[in-house]
Amino acid sequence: MKQIFSKAMARNIFLGSAVFFLVLYVALSVDTWGQIPQRDHAADMSLSAQRGKYLVDSNNCIGCHTINGEGAYFAPELGNVYTRRGPDFIKAWIRIQPSGVAGRRQMPQFHFSNQDLDDITAYLKWLSHIDTNGWPPNIQG
Ligand code: HEC
């Protein structure tokens, strides 16, 4: 078979492309990391929201739910639930679980205090303001 490139040319194209894409990868990563403080606004996280995050993490809500797409697909996305439902619905919802409605998936009763529910809601509110470039798409209406 006729060779189009010499061995040295093929090696240079390979190495050149590898270096080019490595530099591009590093540049895009640095750009993304630079944007994270504005996007996740972690500095705005109140103490209440931090406690709420602890409660959500330690009770394994993402064993059933997703948060910004991460977690299990058994129950609705929580990253945007504050915008979809608002604080009063969320607290009332968590209080009355399990719903016992036939044919619907069930969520356990966690026996949270009012303070716990305020903290969880503060965390869900903070989550709802993270700029995720619209991910995940709100398909639950
Ligand atoms: C064992 C699974 C399971 C766990 C664990 C769980 N949930 Fe749920 N959750 C569900 C299911 C299923 C639904 C939807 C039920 C329905 O629509 O009837 C739901 C619904 C919700 C809703 C309402 C969502 C909406 O869009 O209306 C909120 C808010 C919520 N869960 C918060 C939480 C929080 C906070 C935790 C952790 C403390 C948690 N859940 C843990 C199963 C779970």
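Residues numbered from 1 in each chain as written. Predicted model: local features only at pLDDT ≥ 70, side-chain atom pairs only at ≥ 80, totals over all residues. Heavy atoms only, no water.

> What is the right way to look at the site of the ligand in this model?
Around the ligand, the surrounding shell holds 22 residues, and the nearest of these are Cys61, Cys64, His65, Arg104 and Met107. Residue Arg85 places a side-chain N or O atom 2.8 Å away from an oxygen atom belonging to the ligand. At 2.5 Å from an oxygen atom of the ligand is found a side-chain nitrogen or oxygen belonging to Arg104. Top contributing element to the shell around the ligand by residue count: helix H3 (residues 81-95), with six residues. Split into classes, the residues belonging to the shell around the ligand amount to 15 nonpolar, three polar and four charged. (Near = heavy atom within 4 Å. Polar contact = N/O pair within 3.5 Å; in protein donor to acceptor, adjacent residues only side chain to side chain. Helix = DSSP H or I, 4+ residues; strand = E, 2+ residues; numbered from the N terminus. Nonpolar A, V, L, I, M, F, W, Y, C, P; charged D, E, K, R; others polar.)

> How do you make sense of the coordination of the iron atom of the ligand when you look at a structure like this?
Six octahedral donors around a metal ideally sit at 90 or 180 degrees from one another, while four tetrahedral donors ideally sit at 109.5 degrees. Of the protein atoms, only His65 (NE2) and Met107 (SD) coordinate the iron atom of the ligand, at distances of 2.0 to 2.2 Å. Given six donor atoms and angles of 84 to 178 degrees at the metal, the environment of the iron atom of the ligand is assigned as octahedral. With His65 in the loop between helix H2 (47-58) and strand E1 (66-67) and Met107 in the loop between H3 and helix H4 (114-128), this pair connects stretches of sequence that are 42 residues apart. Per residue, the accessibility class of His65 equals that of Met107, and both read buried. (Donors = N, O, S within 2.8 Å, 3.2 Å for Na, K, Ca; no water. Tetrahedral: all angles 85-135°; square planar, octahedral: opposite > 155°, others 65-115°. Buried < 20%, exposed > 50% of the residue type's maximum accessible area, 1.4 Å probe, protein only.)

> Can you walk me through the nonpolar core in this structure?
The nonpolar side chains of a soluble globular protein tend to be buried with one another. In this structure, Ile94, Ile120, Tyr123, Leu124, Trp126 and Leu127 are the most contacted members of the largest nonpolar core, which totals 20 residues. Every element with two or more residues in this core is listed here: H2, H3 and H4. No other element matches the six residues that H4 contributes to this core. Excluding residues within four positions of it along the chain, Tyr123 makes contact with Met45, Ala49, Gly52, Lys53, Val56 and Ile67. (Core = buried A, V, L, I, M, F, W, Y, C linked by side-chain atoms within 4.5 Å. Contact = heavy atoms within 4.5 Å.)

> How do you make sense of the side chain of Thr66 when you look at a structure like this?
On the secondary structure map, Thr66 appears in strand E1. Within polar-contact distance, the side chain of Thr66 engages the side chain of Glu77 at 2.8 Å. Not counting the four nearest positions on each side in its chain, Thr66 is found in contact with Gly71, Ala72, Tyr73, Ala75, Pro76, Glu77, Leu78 and Gly79.

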